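# Structural description and commentary
Chain by chain, the residues:
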Amino acid sequence: ETGVTQTPRHLVMGMTNKKSLKCEQHLGHNAMYWYKQSAKKPLELMFVYNFKEQTENNSVPSRFSPECPNSSHLFLHLHTLQPEDSALYLCASSQGSGSLYEQYFGPGTRLTVT
Amino acid sequence: QKEVEQNSGPLSVPEGAIASLNCTYSDRGSQSFFWYRQYSGKSPELIMFIYSNGDKEDGRFTAQLNKASQYVSLLIRDSQPSDSATYLCAVPTGANNLFFGTGTRLTVIP
C-alpha cells in the first residue's frame, strides 16, 4: 500500500449505529487530519493530530470522536449521527502541521446516514 | 468575509486554450498557497504550491501570487480534456488550519 488509505470506502449507517472510519498513511508523515466534504460546500477541517497529539478541533460535535494511536493511523469513531452528517470524509497527512507543509489526501469514505 | 473565495464556475475553455483560475484570501499573514485538483468522485490531489510573490511554473501549470492584492491564480496552458475537474485553492490560516475555497469547476471542450 502506498500513500494514504482509508477504509471503508462506502458506509451506510442508521442514526443509532456506532461505526469507525480508519485511515493509514504510508508516507512517514507526522501530522494527520480529518476533513468533511459536503456538496456545494468547501472542505471543512475537523481535527488535526501532530505526533499523535490533537492540536485542532474545529468545533466538531461530540458524536464524532477521533483517535490517533500512532503517527501512521487515525480513526474517526461515529455514534448517533444525523442525516446532515452524510458526506465524504477525507483523511490527509503531511510531514508537519505548519503552514508550509502540503497535505496528501486519502480516497475518502462516502458516508450516508439514514 | 470568507477566508478563501473562488468563482465556482463552471469555466469552459476549448482544448488547447489557456484556463485561468483565480482565488482571493483574507488573511494577510498567509505565507503559503496550494492548488488541488479534484476529479468527480475522487479525493483532492496536490498540483501546485507557491510561497513567494511572482510566478512558479511546473509543466503546463503556472501559479501566480500577489500578496499585496491577496490573490493567487492558476494558469493551465494547452488545456486538455483530462484537465476537466474542480480546482481547489487552499490557504493556511494560523498554525494548523488550512482553509479551502469551494472550488472552480473547469470543463475543457474537445
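Since we're looking at a predicted model, the values are computed, not measured. (Residues numbered from 1 in each chain as written. Chains lettered and ligands numbered in written order. Predicted model: local features only at pLDDT ≥ 70, side-chain atom pairs only at ≥ 80, totals over all residues. Heavy atoms only, no water.)

Before going further, it helps to spend a moment on the nonpolar core. By size, the foremost hydrophobic cluster in this structure holds 23 residues, and its most contacted members are Trp 35, Val 72, Leu 74, Ile 76 and Tyr 87 of chain B. Mapped by element, the contributors of at least two residues to this core are strand 3 (19-25), strand 4 (33-38), strand 5 (45-50), strand 7 (61-66), strand 8 (71-76), strand 9 (85-93) and strand 11 (104-109) of chain B. In terms of nonpolar packing, the next biggest core, distinct from the first, is built from 22 residues, Cys 68, Leu 74, Leu 78 and Tyr 89 of chain A among them. (Core = buried A, V, L, I, M, F, W, Y, C linked by side-chain atoms within 4.5 Å. Buried < 20%, exposed > 50% of the residue type's maximum accessible area, 1.4 Å probe, protein only. Helix = DSSP H or I, 4+ residues; strand = E, 2+ residues; numbered from the N terminus.)

The tally for this structure, following the rule as stated, stands at 10 aromatic pairs over all chains. Here the aromatic rings of Tyr 35 of chain A and Phe 105 of chain A are separated by 5.4 Å at their centres, their planes lie at 45 degrees, and the arrangement is tilted. Of the two residues, Tyr 35 of chain A is situated in strand 4 (residues 31-37) and Phe 105 of chain A in strand 10 (residues 104-105); the sequence distance between them amounts to 70 residues. The same class applies to Tyr 35 of chain A and to Phe 105 of chain A, which are both buried. Here the aromatic rings of Phe 34 of chain B and Phe 49 of chain B are separated by 6.4 Å at their centres, their planes lie at 45 degrees, and the arrangement is tilted. Note that Phe 34 of chain B is positioned in strand 4 and Phe 49 of chain B in strand 5, a separation of 15 residues in sequence. Here Phe 34 of chain B falls in the buried class, since its relative accessible area comes to 1%. You can call Phe 49 of chain B partly exposed: its relative accessible area is 24%. An aromatic cluster is present here, built from Tyr 33, Tyr 35 and Phe 105 of chain A together with Tyr 36 and Phe 100 of chain B joined pairwise through their rings. Seen from the ring of Phe 49 of chain B, Lys 56 of chain B lies directly overhead, with NZ or CZ sitting 3.6 Å from the centre. Here the guanidinium or amino end of Arg 60 of chain B rests over the ring plane of Phe 61 of chain B, the centre of that ring lying 5.6 Å away. (Phe/Tyr/Trp six-rings, centres within 6.5 Å; stacked < 30°, edge-to-face > 60°. Lys NZ or Arg CZ within 6 Å of the ring centre and 35° of its normal.)

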